[in-house]
Each structure stands twice: as structure tokens, then as C-alpha cells.
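Working through the structure, step by step
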Amino acid sequence: MGPQMVQIKGDWLTAAPLQAVLSCLTAGGHQAFLVGGAVRNALLGQPVADIDIATDAAPLRVTALASAAGLRVVPTGFDHGTVTVIVDGVPHEVTTFRRDVATDGRRAVVAFSDQLAEDAARRDFTINALYADAAGAVTDPVGGLADIAARRVRFVGNPSMRIREDYLRVLRFFRFFAWYGDPAQGIDAEGLAACTALSAGTETLSRERIGSELRKLLAAPDPAPAVAAMQSTGILARVLPGSDAQSLAVLVHLEDGVAADWRRRLALLGGAGVGDALRLSRDEDRHVADLRACALNGQSAGEIAYRLGSAMARDAGLIRSALTGRALPPDWAKAAQRGAAAVFPVSAADLMPALQGRALGARLRDLETRWIASGFELSREQLLG
């Protein structure tokens, strides 16, 4: 990507609601640009989800211009410079150019700006500091185009300054490398050094923010190189004490053809109090804990699938194989299917009234264990005989 004009395209860009928001700002004499993920993903040929608009118009001016154009405005983050403009039911976040006045590593005090360069200077990575106008023409104030071409994740300006503005950027650095970086050329050395030196700052972050970031990182097609870098610098141990990423690359290799799942990767990493450390939901915590237990406790594919479903049996098998370095039995998938479909042929009514209470429960568990051990072959009559 040389000095010639770079242009992005897409149906999302030409959509009438988005163009209406941009044109109401430019018609009022202001700059209006798409910025961040939408521009980055369009350049990479990836789906565009979140569309953010940056402008030199202050929030009150944005509100006045949009209202005059007959558009609905919601002051969603007025103090931070953001208003949401709704067109035909589609919300568009419009944020005034900003510059940081003061930061404490978790939140910034900002002042509005009318300079695109000041707005770009406070963003995290160069690939997230690309701007495009309504026609798709890209403005690149900090060298993001060259970094996208090289699949290089690099902080804007001084990495240490960017991290001190928000310590979550330590984790975002690894997450963006996992999604957009080139593992063959390696992680940016200057950024890595700054993240390592300032990693203690992550301890000031909320567990919700850490958990959200690690979910996104582990959902990448191949997070192993990024997580390996986190482990080698001690950062992984800070956010996930007791975890071990040594087998993650093996797991990703074994997952060939299986959709990425951050819970499967997290179960492999392990660690003490994962659910609390990452503020997982109760269901997420149980899923990860069950998955790791099944992978480590030697249960058969059939038993795991019978108790928790075939997907859990598949994932536990993948984790077990990655951790042990041994291939799964060739009939693992077939055994899991059989277990998932199996129905225990004995009920409590078959043992009553001779057995009651605890004795009844114990006898049922014993019969179920025998039935599972038989490969779900023993019939009701054989079990009761």
C-alpha cells in the first residue's frame, strides 16, 4: 500500500442510514469519518460489525445538525463526546475528536478537539487509527496502512504512554496480535517490552474487563502464539494464576475443522479460581470446570457424552490428547455418539419398595456405573437379575 489513495468499499458503507448521518455532518461544514474496526476490517476483507463515526463537531452541534435533518438523537455518552444517531432504526455512534488531558490507567479525562491528528494520537494501535470518508477514501495519520499490509500490531506513538492511559491495552495488544498479527514475523518487540514492564498495572483492572478481553483473545482462530508470549513475559500468570499454555498450540492443531471455542482453550489453560479471576457466569464457570475435569479424570468418551453431551466429549478428548500428547482411541467419536444417545434402562420404581432413601440412590448409582462400564449394553433385565 503506497502513497496512492486507498479506498474501502462495501454495502455497509453505501447503506442509506450511514450516508445520511455522514452527510448531515459534512453539509453542516464539519468533518465526518468512519474510524477504527470498520475501516480496519474492510481493508483486511473481514466482516464489518461495529461502525463508529468520528467528527470535529462537538456533541451539541452533532445533536443540532442531526435533529435538523430529521434524525433521532440519543445522548448515550454526552460527557465523553458520544451521541447515538438513529436512522430507520439503525443506531450510529458519533464521537467528537478527543485528546487526553489526564489518565489513571483505567479511565481518561478527555477534552474535545477539532483535529483529526489529536484524535488519532490517543488511539491504541495504528491499525485502529485509520479514518475513511463517506466515499471510502482512507486517511492514515499514524502509519496504520503499512502495518495492516504487514499484519503488524503496533502501538500509536510511545507504547508505554499508551499503556499508562489504560492498562487494559496490555491485554488488547495480545488480543489484536492473535486476530490480526503475523505469527511468522513475531510480535512487535517494542510493544512487548512495554507490556512486560508495565504488566503490574493489569492488577488495577476489573475482573470483568480482563475476562472480556481473554474471551476475545481465546476465540481467535489461533491464539497460541499470543498466549505463549503472554506466558513467557509473566503476564498470563498475573491474570490467570496457575495456568499453563504449553499445550495450547497442540490443541489448536488438533481442532482442525472444529469451530474455535474460548471455553475449550480456557479449560486447557487451567489455573486457580478461573471463574472468579475472569468473572465468568455460573454456566461458563461450570462448563469450563466440567470440561477440564473430564479431560483429566480418565472418563470414557461414552460416559462423558452420556452425562454432558457429545460436544463435551469431543472437547474433553481434544484437551486430553493435547495435554498427554497421545492420540485418542480411533472409536472415540463413535463411542461419544453412542453415549449421548443412551438412556439408562432402570428407574427408581424398579427398585421400590424394597429400597428407599439413600439405599435406593446408592443402588441406582451402582447399577448405572455397571451399565456405563458395559458400554451401555446391559439390559434392564440383566441389571436387575
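Residues numbered from 1 in each chain as written. Predicted model: local features only at pLDDT ≥ 70, side-chain atom pairs only at ≥ 80, totals over all residues. Heavy atoms only, no water.

**Topic: the pattern of salt bridges**
- Enumeration over the complete set of coordinates arrives at 25 salt bridges.
- The salt bridge involving aspartate 166 is made with arginine 209; its shortest N-O contact spans 2.9 Å. On the criterion of sequence distance, the pair formed by aspartate 166 in the loop between α7 (159-165) and α8 (168-180) and arginine 209 in helix α10 (residues 207-218) is long-range, its members being 43 residues apart.
- For arginine 265, the salt bridge goes to glutamate 255, with nearest N and O atoms at 2.9 Å. Placement of the pair is arginine 265 in helix α14 (residues 262-269) and glutamate 255 in the loop between α13 (248-254) and α14, with a sequence separation of 10 residues.
- Each of Glu255, Arg264, Arg265, Arg314 and Asp315 takes part in one network of salt bridges that share partners. (Salt bridge = Lys/Arg side-chain N within 4 Å of Asp/Glu carboxyl O. Helix = DSSP H or I, 4+ residues; strand = E, 2+ residues; numbered from the N terminus.)

**Some words on the sheet that holds strand β2 (residues 52-55)**
- An order of β3-β4-β5-β2-β1-β8-β9 is seen for the seven strands of this open sheet, with the pairing classed as mixed. Only two strands of the sheet have a single partner each, and these edge strands are β3 (72-77) and β9 (138-139).
- Pairing of strand β1 (residues 32-35) with β2 involves four bridges; the strand directions are antiparallel. Opposite valine 35, over in β2, you have aspartate 52 as the bridge partner.
- Of the strands in this sheet, β1, β2, β4 (82-87) and β5 (90-96) touch helix α2 (residues 16-26), which is tilted by about 30° from β5. (Pairing = 2+ DSSP bridges. Contact = heavy atoms within 4.5 Å. Axes fitted to C-alpha atoms, helices over the stretch in contact; angles between N-to-C directions.)

**Here's the deal with the pairing of β4**
- Most of β4 sits inside the fold, with six of its six residues counted as buried.
- Burial of β4 is two-sided: the residues Thr82, Thr84 and Ile86 facing one way and the residues Val83, Val85 and Val87 facing the other way are all buried.
- Both β3 and β4 contribute to a ladder of four bridges, which runs antiparallel. Its bridge partner being in β4, valine 73 is matched across the sheet by valine 85.
- What sits between β3 and β4 in their antiparallel hairpin is a turn of four residues, with glycine 81 showing a positive phi close to 95°.
- As judged from the six bridges shared by β4 and β5, these two strands associate in the antiparallel manner. (Buried < 20%, exposed > 50% of the residue type's maximum accessible area, 1.4 Å probe, protein only.)

**Observations regarding the packing of aromatic side chains**
- Within the structure shown, the criterion is met by 11 aromatic pairs.
- Ring centres of phenylalanine 125 and phenylalanine 173 lie 6.3 Å apart, and the angle between their planes is 40°; this geometry places the pair in the tilted category. Remark: phenylalanine 173 occurs in helix α8 and phenylalanine 125 occurs in the loop between α5 (116-121) and β8 (131-132); sequence separation between them is 48 residues. Judged on exposure class, the residue phenylalanine 125 and its partner phenylalanine 173 are both buried. (Phe/Tyr/Trp six-rings, centres within 6.5 Å; stacked < 30°, edge-to-face > 60°.)

**A short note on the layout of surface pockets**
- One number sums up the size of the largest pocket: a volume of about 1300 Å³.
- What lines the largest pocket is a set of 38 residues, and nearest its centre among them are Asp52, Arg98, Arg123, Asp124 and Arg172.
- Elements with a minimum of two residues in the lining of the largest pocket: α3 (37-44), β2, β5, β6 (98-103), β7 (108-112) and α8.
- Among the elements that make up the lining of the largest pocket, the one with the highest residue count is α8 (seven residues). (1 Å grid on protein atoms, 1.4 Å probe; cavity = no way out; pocket = protein on both sides within 12 Å on 5 of 7 lines; lining within 4 Å. Points joined across faces, edges and corners; volume = space filled by probe spheres on them.)

**Concerning the environment of alanine 200**
- Secondary-structure assignment places alanine 200 in the loop between α9 (189-197) and α10.
- On the basis of relative accessibility, which here comes to 41%, the residue alanine 200 falls in the partly exposed class.

**Observations concerning the packing of α8 against α9**
- Interhelical geometry of α8 versus α9 gives an angle of 145° and a closest axis separation of 9 Å. As α8 runs across α9, the sense of the crossing is left-handed. Taken together, the residues of α9 that come into contact with α8 (itself represented by Val170, Phe173 and Phe174) are Gly191, Leu192 and Cys195.
- Residues that form the contact of α8 with α9 fall into these classes: five nonpolar, one polar and no charged. (Left-handed = near helix turned anticlockwise from the far one by under 90°. Nonpolar A, V, L, I, M, F, W, Y, C, P; charged D, E, K, R; others polar.)

Purely geometric stuff here, so don't read any function into it on its own.
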